[in-house]
Amino acid sequence: MPDEPSWVPPGVDTKRANVARVYDYLLGGSHNFLADQDVGRAIAAVEPNIRAIARANRAFVGRAVRFLGGAGIGQFLDIGSGIPTEGNVHEVAQRADPGARVAYVEVDPVAIAHSKAILAGHENAAIIDGDLRDPEKILTHQAIERLIDFGQPVGLLLVMVLPFIADAEDPGRIVATLRDALAPGSYLVLAHVTDESKPAVAQAAETVYNRSVATEMHMRSRAEILRFFDGFDLVDPGLVYIPTWRPDSPAGVPEDPSKFMGLAGVGQKPGL
């Protein structure tokens, strides 16, 4: 369409809300459209804390990547990476280790287009078009094989992407397939929305979201989320509300962490 920004990839339907672009809107980004903004505002009407939740999720990614870097991880596979914003994985990882390698995986063409623009000239970071539902294709992609040595420990990030995989699509098998490809000493960084603390609000937010976005969201219980860590040893403090996972300071912990409606954890594959 002639009135759309020049960076919009051909064939993108900007009149239908999109997972990555709604998240970008909630983070205060500029790569979203009216349909995405409408969904963001509708969710905020049900859950006024939604912007703080999005920011807390982004902050968790930064803390987890710094933790993995401190543990000696120098290569990262981020599946469902979204639209790059400040504090993305390669920025955090390469700040600590300029040689750190990061492979992003996304299905949204807008997120991919922006990632390619941002990563142009970055020898140690790239993005591929890939779907978490087909992990074997991701693992064997040429660009992934160039950046990631699966014979050495890897940091695998599945941050707020599994809620978009339905139970019928067997998310447990998907995570197990990825886990089995990782060397001992690798880490899984995972965050997932939960209906544990505020089931009525969570259900309402889920309904609002699924009414307007093509990819449906599925909230899960603590027990269901914990099963994704099968084959990993959870590091302290375990599976906790997002702001309470190794906060940078006590001031970073809200009075009621359960309001953040998301659980996060990091697990290490044993065997080293």
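Residues numbered from 1 in each chain as written. Predicted model: local features only at pLDDT ≥ 70, side-chain atom pairs only at ≥ 80, totals over all residues. Heavy atoms only, no water.

Enquirer: Sorry if this is basic, but what is going on with the overall build of the chain here?
Expert: Across its full length, the chain carries 10 helices and eight strands. Out of the 272 residues belonging to the chain, those deemed buried represent 53%. For the chain, the computed accessible surface area is about 11900 Å², with 53% contributed by carbon and sulfur atoms. (Helix = DSSP H or I, 4+ residues; strand = E, 2+ residues; numbered from the N terminus. Buried < 20%, exposed > 50% of the residue type's maximum accessible area, 1.4 Å probe, protein only. Areas by Shrake-Rupley, 256 points an atom, 1.4 Å probe, with all protein chains shown as cover.)

Enquirer: Any chance you could explain the nonpolar core here in plain terms?
Expert: For soluble globular proteins, the rule of thumb is that nonpolar side chains tend to be buried together. In this structure, Phe 60, Phe 76 and Val 266 are the most contacted members of the largest nonpolar core, which totals 47 residues. When residues no more than four places from it in sequence are discounted, the contact partners of Phe 60 are Val 159, Val 189, Leu 190, Ala 191, Ile 242, Trp 245, Ala 264, Gly 265 and Val 266. (Core = buried A, V, L, I, M, F, W, Y, C linked by side-chain atoms within 4.5 Å. Contact = heavy atoms within 4.5 Å.)

Enquirer: Even after reading the chapter, I still don't get helix H5 (residues 109-119), so can you show me in this structure?
Expert: Structurally, the α-helix is built with 3.6 residues per turn, so residues lying three or four positions apart point the same way. Listed as buried for H5 are Val 110, Ala 111, Ile 112, His 114, Ser 115 and Leu 119. Looking at the buried side of H5, the elements it contacts are helix H1 (19-26), helix H4 (89-96), strand E2 (101-106) and strand E3 (125-129). Phi turns positive one or two residues past the end of H5, at Gly 121, with a value near 90 degrees.

Enquirer: What's the story with the environment of Ile 242 in this structure? I'm lost.
Expert: Along the chain, the position of Ile 242 falls in the loop between strand E7 (240-241) and strand E8 (262-268). By relative accessible area, Ile 242 is classed as buried at 1%. Apart from the residues within four sequence positions on either side, Ile 242 is in contact with Ala 56, Asn 57, Phe 60, Arg 63, Met 160, Ala 191, Gly 262, Leu 263 and Ala 264.

Enquirer: Just to check I follow, could you spell out the pairing of E2 for this structure?
Expert: Both faces of the sheet carry side chains from a regular strand, because those side chains alternate between them. In terms of residue burial, E2 counts as a mostly covered element, since five of its six residues are buried. In terms of strand pairing, strand E1 (residues 75-79) meets E2 through five bridges, oriented parallel. The partner of Phe 76 across the bridge, within E2, is Val 102. Read as a crossover between parallel neighbours, the route from E2 over H5 to E3 is right-handed. (Pairing = 2+ DSSP bridges. Right-handed = clockwise from strand over helix to strand, strands pointing away.)

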